[in-house]
Amino acid sequence: MNILANTETMAPERVLMTLDSVCTSEALRKSKRMRELLRYLVQESIARPGEPVTAEAIAASVFNRTNGFDAIDDPIVRTTVSRLRAALAVHYEQQDCEDEVEIRIPRGGYMPEFVPRVAKPVPRRRWESLRSNLWILNAVSVVVALIALAVALNLGAVACKP
């Protein structure tokens, strides 16, 4: 789902706002190389919809590897894109992430996908989940009390026999 294959639902302005948000996030803050790579991929996707980006083009534009770059011998593009995928996953797992669009880079390629984000449900607090399971605790308590009563009555009956 490339952005410009579906422009009526995903405006480039929204994608670029998300790009800025991701690039300033904790997940990418320390890696200038990954920020540059992500910016390049998103901008290429917007400028040339439907045209795949090659490892050679990425190597030349982002990593300044122009003369005789061989993607098989030099894995810099593959490894950096793999790290970028992991960093994007970390970014979107954060509770305070309020991006309207999720940028994904599917495995097997370098073209990003732009997916509308659905708000995460607010996680229940620990005491709320315990409270909802309170009936189980009560049922177990009743069973333990009944077993204790049965044992006590049985021991009392044995002690009373002559």
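Quick notes on the rules
Once a new chain begins, its residue numbering starts again from 1 and follows that chain's sequence as written. With pLDDT at 70 or above as the cut-off, local features in this predicted model cover only qualifying residues; side-chain atom pairs require 80 or more to be listed or tallied, and sums for whole chains, interfaces and linings still use all residues. As a convention, hydrogens and water are excluded, and side-chain values are obtained from all of the structure's heavy atoms. One side-chain nitrogen of Lys or Arg within 4 Å of one carboxyl oxygen of Asp or Glu is enough to make a salt bridge. Strands are runs of DSSP state E lasting at least two residues, helices are runs of H or I lasting at least four, and both sets are numbered from the N terminus onward. Think of it in three bands: residues with accessible area under 20% of the maximum for their type are buried, residues over 50% are exposed, and the middle band is partly exposed, with areas taken using a 1.4 Å probe on protein chains only. The set of buried Ala, Val, Leu, Ile, Met, Phe, Trp, Tyr and Cys residues whose side-chain atoms join them within 4.5 Å is what this entry labels a nonpolar core. Contact definition: two residues touch when any of their heavy atoms are within 4.5 Å. A helix is expected to span 1.5 Å for every residue after the first. This arc is taken over the directions from the axis of the helix to the C-beta atoms. Each axis is a line fitted through C-alpha atoms, and for a helix only the stretch in contact is used; angles between axes span 0 to 180 degrees, taken between their N-to-C directions. In what follows, roughly perpendicular refers to angles from 65 to 115 degrees, roughly parallel to angles under 35, roughly antiparallel to angles over 145, and oblique to any angle outside these ranges. We call Asp, Glu, Lys and Arg charged. Ala, Val, Leu, Ile, Met, Phe, Trp, Tyr, Cys and Pro are nonpolar, and the rest, Gly among them, are polar. By convention the crossing between two helices is left-handed if the near helix lies anticlockwise of the far one by an angle smaller than a right angle, and right-handed if it lies clockwise. Patches in this entry comprise residues that are over 30% relatively accessible and not in a salt bridge; like charges within 9 Å are linked, as are nonpolar side chains (Val, Leu, Ile, Met, Phe, Trp, Tyr) within 5 Å. Here the accessible surface of atoms and residues is derived via Shrake-Rupley with a 1.4 Å probe, and residues count as covered only by protein chains that are part of the display. What pLDDT conveys is the predictor's confidence in a given residue, as a value from 0 to 100.

1. Brief notes about the pattern of salt bridges
Part 1 of the reasoning: Under the definition given, this model contains 7 salt bridges.
Part 2 of the reasoning: Among the ionic pairs, Arg39 bridges to Asp20, the shortest N-O distance being 3.2 Å. With Arg39 in helix 2 (residues 32-47) and Asp20 in helix 1 (residues 12-23), the pair connects residues that are 19 residues apart, well separated along the chain.
Part 3 of the reasoning: For Asp20, a relative accessible area of 39% puts it in the partly exposed group.
Part 4 of the reasoning: For Lys32, the salt bridge identified is with Glu36, shortest N-O distance 3.8 Å. You can see Lys32 and its partner Glu36 sitting in helix 2, 4 residues apart, about one turn around the helix.

2. Looking at the nonpolar core
Part 1 of the reasoning: By size, the foremost hydrophobic cluster in this structure holds 35 residues, and its most contacted members are Leu38, Leu41, Val42, Ile58, Val77 and Leu84.
Part 2 of the reasoning: Elements represented by at least two residues in this core include exactly helix 1, helix 2, helix 3 (55-62), helix 4 (76-93) and strand 1 (101-104).
Part 3 of the reasoning: The residues touching Leu38, leaving out its near neighbours within four places in the chain, are Leu19, Val22, Cys23, Leu28, Leu84, Leu88, Ile103 and Ile105.

3. Quick word on helix 2
Part 1 of the reasoning: Helix length check: helix 2, at 16 residues, gives a terminal C-alpha distance of 22 Å against a target of 22 Å (1.5 Å per residue), a fit within 8%.
Part 2 of the reasoning: Every buried residue of helix 2 is accounted for by Met34, Leu37, Leu38, Tyr40, Leu41, Val42, Glu44, Ser45 and Ile46.
Part 3 of the reasoning: As for helix 2, its buried residues are in contact with helix 1, helix 3, helix 4, strand 1 and strand 2 (113-116).

4. Overview of helix 3
Every α-helical turn comprises 3.6 residues, leaving residues that sit three or four positions apart pointing alike.
Part 1 of the reasoning: Looking only at helix 3, the buried set comprises Ala55, Ile58, Ala59 and Val62. Down the axis of helix 3, the buried set is contained in an arc of 100°. They therefore lie on one face.
Part 2 of the reasoning: As for helix 3, its buried residues are in contact with helix 2 and helix 4.
Part 3 of the reasoning: At the exit of helix 3 stands Asn64, carrying a positive phi of roughly 55°.

5. Examining the packing of helix 2 against helix 4
Part 1 of the reasoning: Contact pair helix 2 / helix 4: the axes reach a minimum separation of 10 Å and the direction vectors enclose 90°. Comparing their axes, helix 4 and helix 2 come out roughly perpendicular. For the pair helix 2 and helix 4, the contacting residues are Arg33, Met34, Leu37, Leu38 and Leu41 in the first and Ile76, Thr80, Val81, Arg83, Leu84, Ala87 and Leu88 in the second.
Part 2 of the reasoning: In terms of residue class, the contact of helix 2 with helix 4 is built from 9 nonpolar, 1 polar and 2 charged.

6. Overview of the packing of helix 2 against helix 3
Part 1 of the reasoning: At a minimum axis separation of 10 Å, helix 2 and helix 3 run at an interaxial angle of 125°. Judged on the interaxial angle alone, helix 3 and helix 2 are oblique. Crossing of helix 2 against helix 3: the hand is right-handed. Residues Arg33, Glu36, Leu37, Tyr40 and Leu41 of helix 2 form the contact with helix 3, whose own contacting residues are Ala57, Ile58, Ser61 and Val62.
Part 2 of the reasoning: Residues of the contact of helix 2 with helix 3, tallied by class, amount to 6 nonpolar, 1 polar and 2 charged.

7. A closer look at a nonpolar patch on the surface
Part 1 of the reasoning: Where nonpolar side chains cluster on the molecular surface, the patch consists of Trp135, Ile136, Val140 and Val144 and spans about 420 Å² of accessible area.
Part 2 of the reasoning: Along the chain, Trp135 turns up in helix 6 (residues 134-160).

8. As for the confidence of the model for the protein chain
Part 1 of the reasoning: For the protein chain, per-residue confidence averages 81 on the pLDDT scale, and 81% of positions sit at 70 or higher.
Part 2 of the reasoning: Considering each helix and strand of the protein chain separately, the mean pLDDT is smallest for helix 5 (residues 126-132), with a value of 63, and largest for helix 2, with 92.
Part 3 of the reasoning: This stretch, residues 1-8, has a pLDDT under 50; its non-local contacts, to residues over four places away or in other chains, come to 18 contacts.

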